[in-house]
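Here's the letter readout for the chains.
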Amino acid sequence: MINKHMQGNFDRTTTEKIARLKTFLTEERINKLEHVVSQRSRAVSVYLENIHQPHNASAVLRSCDAFGVQDVYVREEHNVFRPNPHVSLGSSKWLTLTRISDSTEAFYIAQKKKGYTIIATTLSDYDCTIDEINESHFPAIVAFGNELKGLSDTAISNADYRMHIPMYGFVESFNISVSVALVLAQLRKILINSSQDWSFTPDEQHALLFDWLKKDVHKSHYIVPDKTEES
């Protein structure tokens, strides 16, 4: 389980910079940023393998932002992950998007060492359905694959669980953006009803707010220059 409430010990200089940046925003905007930060969680993260369509990439990022997922990992073995800004509407700005250069297997191993459960979405040979995921599976990284072929055999076979979304019609699968939204909606519901507090630690919230404020305030690098600029 993720270690939760440590005492906030964010450095005083950064705290002062946050206060300075806030003077350039309305109270309503500050409240919005702080509220969204408080809803962010690393109990659930998303791993995307070889997503091809910019529209799908963008829709996935919007869902991640909407359901409070902060970390999105992308592997581009065959396809370049290139979101359409008109669809994502700036969602990637608020996410921690990491492009993975290691193999899928190496990425899984590294995340498992951090305590994460890897859940691969698949159409067949599954261990559980979306409705059977529970609090014991957290923290989790849910893996989604290419629009046509799904996840690679490596991504499926090395996962801790292989999860299926039940289908009741003639179609065999949902579009990836729909699949991500359905899964994240279910997992967010579990988080909300969980006995654990899966939000960021105070220091993590402080760091994320600082990052977002720098992105939200026009020419913030002039207002709060980094150490290299100050020297």
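Residues numbered from 1 in each chain as written. Predicted model: local features only at pLDDT ≥ 70, side-chain atom pairs only at ≥ 80, totals over all residues. Heavy atoms only, no water.

**Observations concerning the packing of aromatic side chains**
Rules: A pair of aromatic rings is counted whenever rings of Phe, Tyr or Trp (Trp by its six-membered ring) have centres within 6.5 Å, and the orientation is called stacked for planes under 30 degrees apart, edge-to-face for over 60 and tilted otherwise. The helix and strand labels rest on DSSP assignments: H or I over at least four residues marks a helix, E over at least two residues marks a strand, and numbering proceeds from the N terminus. Only protein chains enter the accessibility calculation, which uses a 1.4 Å probe. A residue is then buried if its area is under 20% of the maximum for its type, exposed if over 50%, and partly exposed in between. Here, a charge over a ring is recorded when the distance from Lys NZ or Arg CZ to the ring centre is within 6 Å and its angle to the ring normal is within 35 degrees.
For the structure shown, the criterion picks out six aromatic pairs. Ring geometry for Trp94 and Trp212: centres 5.4 Å apart, planes at 80°, overall edge-to-face. Here the residue Trp94 occupies a position in the loop between helix H4 (85-88) and strand E3 (96-100), and Trp212 occupies one in helix H8 (residues 202-216), the gap between them amounting to 118 residues. Side by side, Trp94 and Trp212 carry an identical accessibility label, which is buried. When the ring of Phe138 is compared with that of Trp198, the centres are 6.0 Å apart and the planes differ by 80°; the resulting orientation is edge-to-face. Taken as a pair, Phe138 in the loop between strand E5 (128-129) and strand E6 (140-144) and Trp198 in the loop between helix H7 (176-192) and H8 lie far apart in primary sequence, 60 residues in all. Following the ring pairs from residue to residue traces out a cluster consisting of Tyr47, Tyr73, Phe107 and Tyr108. The side chain of Lys214 reaches across the aromatic face of Phe210, ending 4.4 Å from its centre.

**Regarding the pairing of E6**
For clarity, the cut-off: Paired strands, in this sense, are two strands between which DSSP finds at least two bridges.
Most of E6 sits inside the fold, with five of its five residues counted as buried. The side-chain alternation of E6 yields two buried faces, one formed by Ala140, Val142 and Phe144 and the other by Ile141 and Ala143. Here strand E1 (residues 44-49) runs beside E6; their pairing, made up of five bridges, is parallel. Its bridge partner lying in E6, Leu48 is registered against Phe144.

**Let's talk about the sheet that holds strand E4 (residues 117-121)**
Condition: By definition, residues are in contact when any of their heavy atoms lie within 4.5 Å. Every angle, taken between N-to-C directions, lies between 0 and 180 degrees, and every axis is a line fitted to C-alpha atoms, over only the stretch in contact when it is a helix.
Taken in spatial order, the seven strands make up an open sheet running E3-E2-E1-E6-E4-E7-E5, and their pairing is parallel. Each edge of the open sheet is held by one strand with a lone partner, namely E3 and E5. Summarising the sheet, E4 and E6 pair through four bridges and their orientation is parallel. When the sheet's bridge partners are listed, Ala120 is paired in E6 with Ala143. Sitting on the sheet, helix H5 (residues 104-113) is in contact with E1, strand E2 (71-75), E3, E4 and E6, with an inclination near 170° to E1. The sheet contacts of H7 involve E1, E6 and strand E7 (161-164), and relative to E6 the element is tilted by about 165°.

**A short note on the confidence of the model for the chain**
Using the following cut-off: For every residue, the predictor reports its confidence as pLDDT, a number between 0 and 100.
For the chain, per-residue confidence averages 87 on the pLDDT scale, and residues scoring 70 or more make up 88% of the total. Throughout residues 1-8 the model reports pLDDT below 50, and contacts reaching past four residues in sequence, or to other chains, amount to 21 contacts.

**Things to note about a nonpolar patch on the surface**
Here is the rule we go by: Surface patches are defined over residues having more than 30% relative accessible area and no salt bridge, joining like charges when they lie within 9 Å and nonpolar side chains (Val, Leu, Ile, Met, Phe, Trp, Tyr) when within 5 Å. Accessible surface area values rest on a Shrake-Rupley calculation with a 1.4 Å probe, where residue burial reflects the displayed protein chains alone. Any carboxyl oxygen of Asp or Glu that lies within 4 Å of a side-chain nitrogen of Lys or Arg is treated as forming a salt bridge with it.
Judged by side-chain polarity, Phe174, Val178 and Leu182 come together as a nonpolar surface patch covering roughly 220 Å² of accessible area. Summarising the element assignment, Leu182 is placed in helix H7.

**Comments concerning H8**
The following threshold applies: In a helix, the anticipated span is given by 1.5 Å times the number of residues less one.
Along its 15 residues, H8 runs 21 Å from first to last C-alpha, staying within 8% of the 21 Å computed at 1.5 Å per residue. For H8, the set of buried residues is Asp203, Leu208, Leu209, Phe210, Trp212, Leu213 and Asp216. Buried residues along H8 sit against helix H1 (12-22) and helix H2 (27-39).

**Details of the packing of helix H3 (residues 54-66) against H7**
Convention followed: Put simply, angles under 35 degrees are roughly parallel, angles over 145 are roughly antiparallel, angles from 65 to 115 are roughly perpendicular, and the rest are oblique.
In contact at an axis separation of 8 Å, H3 and H7 are set at 10° when each is read in the N-to-C sense. With respect to their mutual orientation, H3 and H7 come out roughly parallel. Residue-level inspection shows Asn56, Ala59, Val60, Ser63 and Cys64 of H3 in contact with H7, the latter providing Ile176, Ser177, Val180, Ala181 and Leu184.

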